[in-house]
Amino acid sequence: MENRVVEEKGGMNLNLNMIDRRPCAACKILRRRCAEKCILAPYFPPTDTLKFTIAHRHFGASNIIKFLQDLPESLREDAVSSMVYEANARLKDPVYGCAGTIYHLQNQVSELQAELAKTQAQLISRRCEKADLQALVYPTFMSQQQQQQQQQQHVPFDHSLDFALDDSKFGMLGSLSGVEANLEEISEFW
């Protein structure tokens, strides 16, 4: 902790080390003087005594300190969280601890995966039944739709036939020359 000086409203300077020097939760519970470079202070703040109590009950203070000293500072926060989690799990399940929780969750995942596979199989079965029923109820309709889809997918559109006219297509009106004659009569009328 660094020495910082703060100026209050009345102009008095206070040393923040005097204010912040409350013992950490570990030293408070162990009833010892909290050193300036206490290894437990950053991980067990004075306001959270339950966290240290749970870890201390399961691991012991000396083991926690040895364990933290062997780790680099970047991993210590995660290690303390893991110890507290394991100690909490051991309170609930003294035999298996967090391994029992992991086992239980893995079983749940397996059961849910099996249920999902079963539901997907039922869905595929229902879709096949629906397709079979449609084929039975609408056999000509389905075959016509399939033929149209095949024609649309496989036959390219020939643009050269767009403007080619065949006299047989105008059988009702007569030949092409007859259509031209009708057009001339209509244009004379107007």
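Note that the structure is predicted; figures quoted are calculated from it, not measured. (Residues numbered from 1 in each chain as written. Predicted model: local features only at pLDDT ≥ 70, side-chain atom pairs only at ≥ 80, totals over all residues. Heavy atoms only, no water.)

## A word on the overall build of the protein
When helices and strands are counted, the protein shows eight helices and two strands. In the protein, the order of α-helices and β-strands from amino to carboxyl end is β-β-α-α-α-α-α-α-α-α. Burial analysis of the protein (190 residues in total) assigns 17% to the buried set. Within the protein, contacts between residues separated by at least 24 positions form 34% of all contacts whose residues are at least 6 apart in sequence. (Helix = DSSP H or I, 4+ residues; strand = E, 2+ residues; numbered from the N terminus. Buried < 20%, exposed > 50% of the residue type's maximum accessible area, 1.4 Å probe, protein only. Contact = heavy atoms within 4.5 Å.)

## Here's the deal with helix α5 (residues 73–92)
End to end, α5 covers 30 Å across 20 residues, agreeing with the expected 28 Å (1.5 Å per residue, within 8%). The complete set of buried residues in α5 reads R76, A79, V80, M83, V84, E86, A87 and A89. Packed against the buried residues of α5 are α3 (49–59), α4 (61–70) and α6 (98–137). (Expected span 1.5 Å × (residues − 1).)

## A short note on the pattern of salt bridges
Counted according to the given criterion, the structure contains one salt bridge. Across the salt bridge formed by E86 and R90, the nearest N and O atoms sit 2.7 Å from each other. Taken together, the residues span about one helical turn, with E86 and R90 both in helix α5 at a distance of four residues. Assessed through its relative accessible area of 15%, E86 is described here as buried. (Salt bridge = Lys/Arg side-chain N within 4 Å of Asp/Glu carboxyl O.)

## Quick word on a nonpolar patch on the surface
A surface patch of nonpolar side chains, amounting to about 460 Å² of accessible area, comprises L133, L136, V137 and Y138. For L136, a relative accessible area of 69% gives the class exposed. (Patch = residues over 30% accessible without salt bridge, like charges linked within 9 Å, V, L, I, M, F, W, Y side chains within 5 Å. Areas by Shrake-Rupley, 256 points an atom, 1.4 Å probe, with all protein chains shown as cover.)

## Here's the deal with the packing of aromatic side chains
Centre-to-centre distance and the angle between the planes together describe a pair of aromatic rings. Considering all chains together, one arrives at one aromatic pair under this definition. On the numbers, 5.1 Å between centres and 75° between planes, the contact of F44 with F52 is edge-to-face. (Phe/Tyr/Trp six-rings, centres within 6.5 Å; stacked < 30°, edge-to-face > 60°.)

## Points about the nonpolar core
By size, the foremost hydrophobic cluster in this structure holds 21 residues, and its most contacted members are C24, L40, F44, F52, I64, L68 and V80. The set of elements that each furnish at least two residues to this core consists of α2 (25–30), α3, α4 and α5. Here I64 is in contact with L40, F44, F52, A55, H56, F59 and M83, once residues within four sequence places are set aside. (Core = buried A, V, L, I, M, F, W, Y, C linked by side-chain atoms within 4.5 Å.)

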